[in-house]
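Each chain is listed here by its residues.
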Amino acid sequence: MKVIEIDLDTLAHNYSALKKRIGENVKFLGVVKADAYGHGSVQISRLLQDLGADYLAVSSIDEAIELRKNDITMPILILGHTPREQVSRLIEYNITQAVTCKAKALEYSEEAVKANGTLKIHIKVDTGMSRLGYLCDNDFFENGVDGICHGCSLPGLYAEGIFTHFAVSDEAGDQNAEYTKHQFKLFCDVINEVENKLGHKFEIKHCANTGAVAKYPETWLDMVRPGLLLYGYGEFADELGLKPVMTLKTTVSTIKIYPAGTAISYGGIFKTTDTTRIGVVPYGYADGFFRCLSNKYSLMTKEGPACIRGKICMDMCMIDLTGKPSVDVGSEVEIFGKKNSINKMAQMAQTIPYELTCAVSKRVPRFYIKDNKIVEKELLLRG
Ligand SMILES: *Cc1c(COP(=O)(O)O)cnc(C)c1O
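Residues numbered from 1 in each chain as written. Predicted model: local features only at pLDDT ≥ 70, side-chain atom pairs only at ≥ 80, totals over all residues. Heavy atoms only, no water.

## Quick look at the domain arrangement of the protein chain
- Here the domain parsing of the protein chain yields domain 1 (8-231) and domain 2 (246-351).
- A C-alpha centroid distance of 41 Å is found between domain 1 and domain 2. (Domains from an automatic or database assignment.)

Now the structure itself:
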């Protein structure tokens, strides 16, 4: 047995805590790209819609239309590119599209005009992330502002919003704070210049991701745009009293006792030095367990952490249950969740919690929990 438990009450708690933090006048966009960071975008979006969130963001038109087909009627912003052939579908499904450069603006405009419709857009400004967006720093300022004004004036497009993305708002240190402040100032300067030139204001200006929601209130503007924080991971979640929404669990399937000198698993990298009680759990790298955690990471049992022994296999791994007599076949162990912090696991795997929740394989069933009861089960394997 293995299962992802998604605690919808915890998500609601995190949402309310964040709403309280940002106040009445700031809108809330929930980032639900990549299947809501592995939590299930349909279920998470439904709850956010019920809770009164203002906007959702996804990375592609496929992700957006999946939500529309599952009764999500609230505004949805696509952060990535959409192929020009799909623009009529964006309009049909009432989906907002990020516009990141002149060439895309022209494409979107042409297609919207052809479809006799208006595409709602948010202009993306590159203030230092160096990924998507109109480049506006230093020598590029005037050119960037002109490009944005051009995009806003094209037929078939309605520029409802403008946004930028921070590169280091979640990193500690003065240099990162300065960098973030520079990005924010540049964003404000671009907005002022564009609004002056156009003679009207954008309805929604937004830039605050997780790091900025936690650390830079001055950047909240009209709307915040957190992902990780909403799901309750990372150091800021701990500081703000937010809790992890996902718990990943499995059960012990077999236990054996080996004498000293026994090699465990592929490659024999771990050898017992004493009589050792080893449990096998059905969770391996095909489920999303990173092999680099072999022989290092611990799963949480009711008698404390049990260290992984030897290499993690495709479908299972072995844990040391020596001295934990009450942990038996069928006992539950937590891979990560409320008792076994994903932050520690991420550190050990030299990555970030984002990668770990996204990496859990679709063959692990997802159970949705409300009032301590399972309200929905989902298995994403082809039926
Ligand atoms: C993913 C993403 C976010 C959310 O980032 P978090 O660090 O999870 O808060 C916000 N804005 C954009 C443009 C993104 O791509």
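Once you've had a look at it, read on.
## Some points on the pairing of strand S8 (residues 157-164)
- Burial analysis of S8 places 7 of its 8 residues in the buried class, the great majority of the element.
- Here 3 bridges tie S8 to strand S9 (residues 204-208), and the two strands are oriented parallel to one another. Looking at S9, one finds that Gly 161 is bridged to Ile 204.
- Tracing the backbone out of S8, into helix H8 (residues 174-198) and back to the parallel element S9 gives a crossover that is right-handed. (Buried < 20%, exposed > 50% of the residue type's maximum accessible area, 1.4 Å probe, protein only. Helix = DSSP H or I, 4+ residues; strand = E, 2+ residues; numbered from the N terminus. Pairing = 2+ DSSP bridges. Right-handed = clockwise from strand over helix to strand, strands pointing away.)

## Quick word on the packing of aromatic side chains
- Inspection of the entire model under this criterion finds 5 aromatic pairs.
- When the centroid spacing of 6.3 Å and the interplanar angle of 85° are considered together, the rings of Phe 289 and Tyr 297 count as edge-to-face. Just as Phe 289 is buried, Tyr 297 falls in that class too. (Phe/Tyr/Trp six-rings, centres within 6.5 Å; stacked < 30°, edge-to-face > 60°.)

## Concerning the side chain of Thr 100
- Among the secondary structure elements, Thr 100 is positioned in the loop between strand S5 (96-99) and helix H6 (102-114).
- Owing to a relative accessible area of 2%, Thr 100 belongs among the buried residues under this scheme.
- In this view, Thr 100 contacts His 81, Lys 124, Leu 132, Gly 133 and Tyr 134; residues no more than four positions away in its chain are not counted. (Contact = heavy atoms within 4.5 Å.)

## Some points on the nonpolar core
- Membership of the largest hydrophobic core comes to 112 residues, with the highest contact counts inside it found for Val 32, Ile 123, Ile 148, Phe 289 and Phe 336.
- Top contributing element to this core by residue count: H8, with 7 residues.
- Domain assignment of the residues forming this core places at least three in each of domain 1 (8-231) and domain 2 (246-351).
- Setting aside residues no more than four positions away along its own chain, Ile 148 makes contact with Ile 123, Val 125, Tyr 134, Cys 136, Ile 162, Val 190 and Val 194.
- One finds Ile 264, Phe 270, Val 280 and Met 318 within the second-largest nonpolar core, a separate group that totals 6 residues. (Core = buried A, V, L, I, M, F, W, Y, C linked by side-chain atoms within 4.5 Å.)

## As for unusual backbone geometry
- Its identity as a non-glycine residue notwithstanding, Ala 34 has a phi of 50°, on the positive side.
- Here Ala 34 lies in helix H2 (residues 33-38).
- Phi is positive for Asp 371, close to 50°, though the residue is something other than glycine.
- Relative to the helices and strands, Asp 371 is located in the loop between strand S20 (366-370) and strand S21 (373-378).

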